[in-house]
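Topology and contacts: notes
Residue strings, one per chain:
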Amino acid sequence: MKLLLTASVVAALALVALPQRGDSAALHLRLTKSAPADSSVVATAPTEIKLWYSQKPQLRLSRVTLTGPSGEVTTGAIVQDSVMLRAPITGTMTPGAYTVSWLTASSDGHPIRGTFGFTVKPSE
Ligand SMILES: [Cu+2]
C-alpha cells in the first residue's frame, strides 16, 4: 500500500512538472494591430511603424524590417511601450508597396514572426 501511494504521488508530481510544450499557442503573443494597418493605403509616407501585441513582447529579441520598391528602408532602434513596439523610419520612402517583417518573442522566449503590407499612394 505504501509503495502504491508513493508511486501515485510520483506520478502526480511528474504531471505537475511536465514542461510546457513550445506549441502551446496560449503562451504566445500575436500581433493585434499595427500602424500603418495591414493592407492599408496611406496618402503620406509614415515616419514610424507601430506594432501592438496581445501580450508584452521582449524588446531585446525584437526586429523590424521594412522593405519597399527600392529595397530595404532603414529603421532606427525599436522603442517599447508595454505591449507596443515602435520603430522609427529613418530611410526615404517613395510611393509603392511596402512589406513589414517583424520578429519578437513572448515571455517563454520562443521567437514569433509575421509580415504585413501597406501601400504609399503616389502624390497627385
Ligand atoms: Cu513558446
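Structure shown above.
Residues numbered from 1 in each chain as written. Predicted model: local features only at pLDDT ≥ 70, side-chain atom pairs only at ≥ 80, totals over all residues.

On to the sheet that holds strand β2 (residues 40–42). Strand order in this open sheet of five strands is β2-β9-β8-β4-β5, and the pairing throughout is mixed. Either end of the sheet is taken by a strand with one partner, and the two such strands are β2 and β5 (71–73). The mean angle between the axes of side-by-side strands here comes to 35°, regardless of whether they run parallel or antiparallel. As paired strands, strand β4 (residues 63–68) and β5 are joined by three bridges and run antiparallel to one another. By the bridge assignment for β5, Thr-67 is matched with Glu-72. (Pairing = 2+ DSSP bridges. Helix = DSSP H or I, 4+ residues; strand = E, 2+ residues; numbered from the N terminus. Axes fitted to C-alpha atoms, helices over the stretch in contact; angles between N-to-C directions.)

Bringing the nonpolar core into the picture now. One finds Ile-49, Leu-51, Val-64, Leu-66, Tyr-98 and Val-100 to be the most contacted residues of the largest nonpolar core, which totals 14 residues. For this core, the elements supplying multiple residues, two or more each, are β3 (48–53), β4, β7 (84–88), β8 (96–105) and β9 (111–120). Residues contacting Val-100, with those up to four places away along its chain left out, are Ile-49, Val-64, Leu-66, Thr-115 and Phe-116. (Core = buried A, V, L, I, M, F, W, Y, C linked by C-beta atoms within 7 Å. Buried ≥ 20, exposed ≤ 12 C-beta atoms within 10 Å, placed from the backbone. Contact = placed C-beta atoms within 7 Å.)

Attention now moves to the pairing of β4. Every second residue of β4 is oriented toward a common face, the buried set being Val-64, Leu-66 and Gly-68 and the non-buried set Arg-63, Thr-65 and Thr-67. Both β4 and β8 contribute to a ladder of five bridges, which runs antiparallel. Bridged to Thr-65 within β8 is Ser-101. Here β4 hands over to β5 after two residues, the two strands then running antiparallel side by side.

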